[in-house]
Amino acid sequence: MKTLYITLFMISCFLTGQAQLSQLNTADKKYKNYSYVDAIDIYEKVADKGYKSPELFKKLGNSYYFNGELDQAAKWYGELFALDEKNLEPEYYFRYSQALKANGDYKKANKYLEVFNEKTDDSRGKRYARNKDYLNIIDKNSGKYTIDTTNLNSEYSDYGLAPFGKEFVFTSARTDGALYHKIHDWTNQNFTDLYSVSRNEDGSFSTPENFSKEINTKFNEASPTFTKDGKTMYFTRNNFNNGKKGKDEDKSTLVKIYKATLENGEWKNVEELPFNSDNYSTAHPVLSKDEKTLFFASDMPGGFGNSDIYKVSINGNSFGKPENLGKVINTEGRESFPFVDDDNNLFFASDGQLGLGGLDIFESKWKDGEYQTPINLAKPINSSMDDFAFIIDKDKKGYFTSNRESSKGYDDIYSFAYCQQTIYGIVTDIDTDELLPGSSVIIFDENMNKLSETTANDKAYYEFTNLDCQTKYNVRVSKEEYETSERMIATAEKDGKTEANFALKRNVFPVEEGTDLAKIFDISIIYFDLDKWNIRPDAAKDLQKIVEVMKQYPDMEVAIRSHTDSRQTHRYNEILSDKRAKSTLEFMVKNGIERRRLTAKGYGETELVNGCSDGVPCSEEEHQKNRRSEFIVTKMN
């Protein structure tokens, strides 16, 4: 009996093994044909029965990874690394890092990105090695946009909103309105069509309508871009035209960019662009604002990675040679979905640049005839999942697509508005509150890069608009004959205005005979200790201002006049004030002013500025107005 049980067990194991091999063979065929959904179903059933192998876990992880389900990819890549980490190709370290980000495990993701860098000479790893603080930088730049869902979204994949006159056109795998019902093996959804909508006054969209029976086919159409006159469009489609389907050497149907023209309300003359090929893909075209350049994504030979951003010149009906945008933009990963704004700045999606996970959206500024180092648009535009198909208008509002956790369907279209701030204020004289029109005002970023310059208007008002929210700026205000003032201004977290008034200190004064320098410098009192006439340190500081002006004007002569209030006797006040005036003169002589240029006299209580004479009850403040020092200019020549 024991022998019988062993034999039956061995037969059972053999049959189970044969069944698993048969299932794996079927799954491998679907995997090879990009039927990832079907492949996943079979692979997971085999894995659930306890079967383990590096190839199984690779293909399971890849199937989810290439289908944009990074959180599930992380699970199976984790099984793969637990089973055979020492023998894995370096690319799996990168993919596992990306997948871990989808689950918010950035510490572990960075660990595998570090190992990836050690194992390769790949720019993706080098970027991390140079910028290990990238997550903090992204956090610092976050919050500059507000986002919202749109009513375009369905339970299917909806993406890539593009302006078309007063309407918009987008891509969708929905079945309602589709011209054909044909399931895509890769996604297990309908092949995509283009749909058109108009935007309502409240920002919502009308019910989507199939865009064109001439453009949409039984295969995928996506990512349109239109000329301003609305008569020419470029779009992505599977390698299928005029009823003929093209295939590459592996019998796969790739995607190409096509052109069509509008004639009598119908799209006609659909033709592929001359730089297309059956052996590589071109996709996601977008026109520059002058319509002389077409940007697109492609995996054509000679690129840097899985897909790169290219541009090609347009001259009438002819096209130049595609030009790769170079390694500043492109990596060994995926760069795709380009968009160019009115200022020729480039926005694109990438998983090779440093980001939050999956595809992130980046901006590359156009400056001095070339694109600058891309900047991650941060949260909430970017998430740990795929974010792409970004467009923005001159008012800094637009749309993008994401398959983040909150999405209604596989991919959803979101609207966004750039959080904008205005820094404004008035410029005055710090001593007199006089308005100072004509003041020069310059704004710098936090690193003191000059951003803009303006001049305060006739009401001494200035403003800088279209600034980022939650950002630090340095503002510098200057005016002739005044000290320059500069300070850091932090904008608020929401749309609005941040007030920043500036009060400048005059350092050059109009001086003429009869001018009281004490009033110019707002020196109401030269302080002395009670019943004393020696110069106190605080008085010396004020007196030094008078000394410096007299040094600037070597021919100036000044009469020092000291006054008291009416308290104490008339004789006492006269003697005390005279001693104080002469003490002031000696201080100024000691500090470099020729004695011949100065006179000093005490006037006691003889020149009161109010009615606080003997016997009149007055407040301390009223008495103080009489205890004053004057420095009257008697000669300027």
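Presented here is an overview of the structure given in this document. Since the model is a prediction, treat every value here as computed from it, not as a measurement. (Residues numbered from 1 in each chain as written. Predicted model: local features only at pLDDT ≥ 70, side-chain atom pairs only at ≥ 80, totals over all residues. Heavy atoms only, no water.)

It is worth spelling out the overall build of the protein at this point. The number of helices and strands found in the protein is 12 helices and 36 strands. By the compact-globule yardstick of 26 Å for 637 residues, the protein is too spread out, its C-alpha radius of gyration being 38 Å. Based on the C-alpha atoms only, the size of the protein along its principal axes is roughly 135 × 80 × 45 Å. Considering the protein as a whole, with its 637 residues, one finds that 50% of them fall into the buried category. For the protein, the proportion of contacts with a sequence separation of at least 24, taken over those separated by at least 6, is 54%. (Helix = DSSP H or I, 4+ residues; strand = E, 2+ residues; numbered from the N terminus. Rg over C-alpha atoms; globule rule 2.2 N^0.38 Å. Buried < 20%, exposed > 50% of the residue type's maximum accessible area, 1.4 Å probe, protein only. Contact = heavy atoms within 4.5 Å.)

What follows is about empty space enclosed by the protein. Tallying each qualifying case throughout the model produces two cavities of 30 Å³ or more. Empty space within the largest cavity amounts to approximately 50 Å³. Taken together, F94, S97, Q98, K101, L113, R124, D351, G352, Q353, L354 and G355 make up the lining of the largest cavity. A per-element tally of the lining of the largest cavity places helix α5 (residues 90-102) first, with four residues. In terms of residue class, the lining of the largest cavity is built from three nonpolar, five polar and three charged. (1 Å grid on protein atoms, 1.4 Å probe; cavity = no way out; pocket = protein on both sides within 12 Å on 5 of 7 lines; lining within 4 Å. Points joined across faces, edges and corners; volume = space filled by probe spheres on them. Nonpolar A, V, L, I, M, F, W, Y, C, P; charged D, E, K, R; others polar.)

Residue P380 is reached from K379 by a cis peptide bond, and omega for that bond is 0°. For P380, the position within the fold is in the loop between β22 (375-376) and β23 (387-392). The residue N264 is not glycine, and still its phi comes out positive at about 55°. Tracing the sequence through the fold places N264 in the loop between β10 (255-263) and β11 (266-272).

Looking now at the sheet that holds strand β6 (residues 221-226). Across the sheet, four strands lie side by side as β6-β7-β10-β11; this open sheet has antiparallel pairing. Looking at strand neighbours, the two that pair on one side only are β6 and β11, the edges of this open sheet. Pairwise comparison of adjacent strand axes, ignoring direction, gives a mean angle of 30° for this sheet. Of the pairings in the sheet, the one linking β10 to β11 comprises five bridges and is antiparallel in character. Bridge assignment links K259 to a residue of β11, and that residue is E271. (Pairing = 2+ DSSP bridges. Axes fitted to C-alpha atoms, helices over the stretch in contact; angles between N-to-C directions.)

All right, on to the pairing of strand β7 (residues 232-238) then. Consecutive side chains along a regular strand alternate between the two faces of the sheet. Counted residue by residue, β7 has seven buried out of seven residues, so it is predominantly covered. Neither face of β7 is exposed, since T232, Y234, T236 and N238 on one face and M233, F235 and R237 on the opposite face are all buried. Where β6 and β7 come together, four bridges link them in antiparallel fashion. From the neighbouring strand, F226 faces β7, where its bridge partner is M233. Connecting β6 to the antiparallel partner β7 that follows it, the hairpin turn spans five residues, and G230 within it adopts a positive phi of roughly 75°. Pairing of β7 with β10, which is carried by seven bridges, proceeds in the antiparallel orientation. Across the sheet, T236 pairs through a bridge with I257, a residue of β10.

Reading across from one edge, β2-β3-β4-β5 is the order of the four strands in this open sheet, with antiparallel pairing throughout. Where the open sheet ends on each side, the last strands, each with one partner, are β2 (158-164) and β5 (209-210). For strand β3 (residues 167-172) and strand β4 (residues 193-198), the ladder comprises six bridges, and the chain directions are antiparallel. By the bridge assignment for β4, T171 is matched with L194.

Below, the discussion takes up the state of the cysteines. A covalent bond between the sulfur atoms of two cysteines is referred to as a disulfide. This structure, assessed with the given rule, holds two disulfides. Bridging C419 to C469, the disulfide has an S-S length of 1.8 Å. What sets the handedness of the C419 and C469 disulfide is the S-S torsion sign, and at about -85° it is left-handed. Of the two residues, C419 is situated in the loop between β25 (412-418) and β26 (420-429) and C469 in the loop between β29 (461-468) and β30 (472-478); the sequence distance between them amounts to 50 residues. Accessibility classification places C419 together with C469 in one group, the buried group. Residue C612 pairs covalently with C618 via a disulfide, S to S 2.1 Å. Across the S-S bond linking C612 and C618, the dihedral sits near -100°, which makes this disulfide left-handed. (Disulfide = S-S within 2.5 Å.)

By themselves, these observations are geometric and do not establish any function.
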